[in-house]
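Structural features, examined
Take a look at the letters that make up each chain.
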Amino acid sequence: VYQRQRFPSWGAAQEARQMVVAQVCGFLSTFFTQRVLRRLGEQSAATAQARCDAAAQLASAFAPRMELLYLTPLFYLMQSGPAAIGQCLQREALALGLGQGELAAAEANRNFLPSLMMPYV
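What this report covers is the structure whose coordinates are included nearby. (Residues numbered from 1 in each chain as written. Predicted model: local features only at pLDDT ≥ 70, side-chain atom pairs only at ≥ 80, totals over all residues. Heavy atoms only, no water.)

Focus: the packing of helix 3 (residues 42-62) against helix 4 (residues 81-96)
Where helix 3 meets helix 4, the axes come as close as 8 Å, and the angle between the chain directions of the two elements is 150 degrees. Every pair of crossing elements has a handedness; the one defined by helix 3 and helix 4 is left-handed. Residue-level contacts link Glu 42, Ala 45, Ala 46 and Gln 49 of helix 3 to Gly 81, Pro 82, Ala 84, Gln 87, Cys 88 and Arg 91 of helix 4. Per-class residue counts for the contact of helix 3 with helix 4 are 5 nonpolar, 3 polar and 2 charged. (Axes fitted to C-alpha atoms, helices over the stretch in contact; angles between N-to-C directions. Helix = DSSP H or I, 4+ residues; strand = E, 2+ residues; numbered from the N terminus. Left-handed = near helix turned anticlockwise from the far one by under 90°. Contact = heavy atoms within 4.5 Å. Nonpolar A, V, L, I, M, F, W, Y, C, P; charged D, E, K, R; others polar.)

Written out as structure tokens, the structure is:
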């Protein structure tokens, strides 16, 4: 909706192209995740993800030309924050002697309140 308001010529074709770029970037990010985690470590990888998210949002909001919106999915190649958090939780669960079911229940409890406020995020 924002793209259509900001750029009147933004239509279904441009939306489809951006989704294809986003899907390709999502696929390619699976190859980058472990490399980023090894190189940066878990904490730095989570920080890098937050910065990439902010950069992508800023690029979308302040893009001077419509074509630059196709580049915003490239920021998602560095998305290794969820993997870093998952590895940290797995390691802590193992140290505490918790099984996968208990870990999944703890994660569901952690996500419960945010899901009430933002159900589809």
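Here's the deal with the side chain of Thr 33
With respect to the element layout, Thr 33 can be found in helix 2 (residues 12-40). At a separation of 2.7 Å, a polar atom in the side chain of Thr 33 contacts the main-chain carbonyl oxygen of Ser 29. Those residues in contact with Thr 33, other than ones at most four positions away along the chain, are Gln 79, Ser 80 and Ala 83. (Polar contact = N/O pair within 3.5 Å; in protein donor to acceptor, adjacent residues only side chain to side chain.)

A few points about the nonpolar core
Membership of the largest hydrophobic core is limited to 6 residues, which are Phe 7, Trp 10, Ala 63, Met 66, Leu 69 and Tyr 70. If sequence neighbours within four positions are ignored, Phe 7 has contacts with Ala 63, Pro 64, Arg 65, Met 66 and Leu 69. (Core = buried A, V, L, I, M, F, W, Y, C linked by side-chain atoms within 4.5 Å. Buried < 20%, exposed > 50% of the residue type's maximum accessible area, 1.4 Å probe, protein only.)

Some remarks on the packing of aromatic side chains
Tallied over the full model, the rule gives 2 aromatic pairs. With a centroid separation of 5.3 Å and an interplanar angle of 80 degrees, the aromatic rings of Phe 27 and Phe 31 are classed as edge-to-face. Of this pair, Phe 27 and Phe 31 both sit in helix 2, 4 residues apart, which is roughly one turn of the helix. Residue classification places Phe 27 among the exposed positions, given a relative accessible area of 51%. On the basis of relative accessible area, Phe 31 is assigned to the partly exposed category, the value being 48%. (Phe/Tyr/Trp six-rings, centres within 6.5 Å; stacked < 30°, edge-to-face > 60°.)

Focus on the pattern of salt bridges
Within the structure shown, the criterion is met by 2 salt bridges. Measuring nitrogen to oxygen at the nearest pair gives 2.7 Å for the salt bridge that ties Glu 42 to Arg 91. Taken together, the positions of Glu 42 in helix 3 and Arg 91 in helix 4 put the pair 49 residues apart, joining distant regions of the chain. Judged by its relative accessible area of 42%, Arg 91 is partly exposed. (Salt bridge = Lys/Arg side-chain N within 4 Å of Asp/Glu carboxyl O.)

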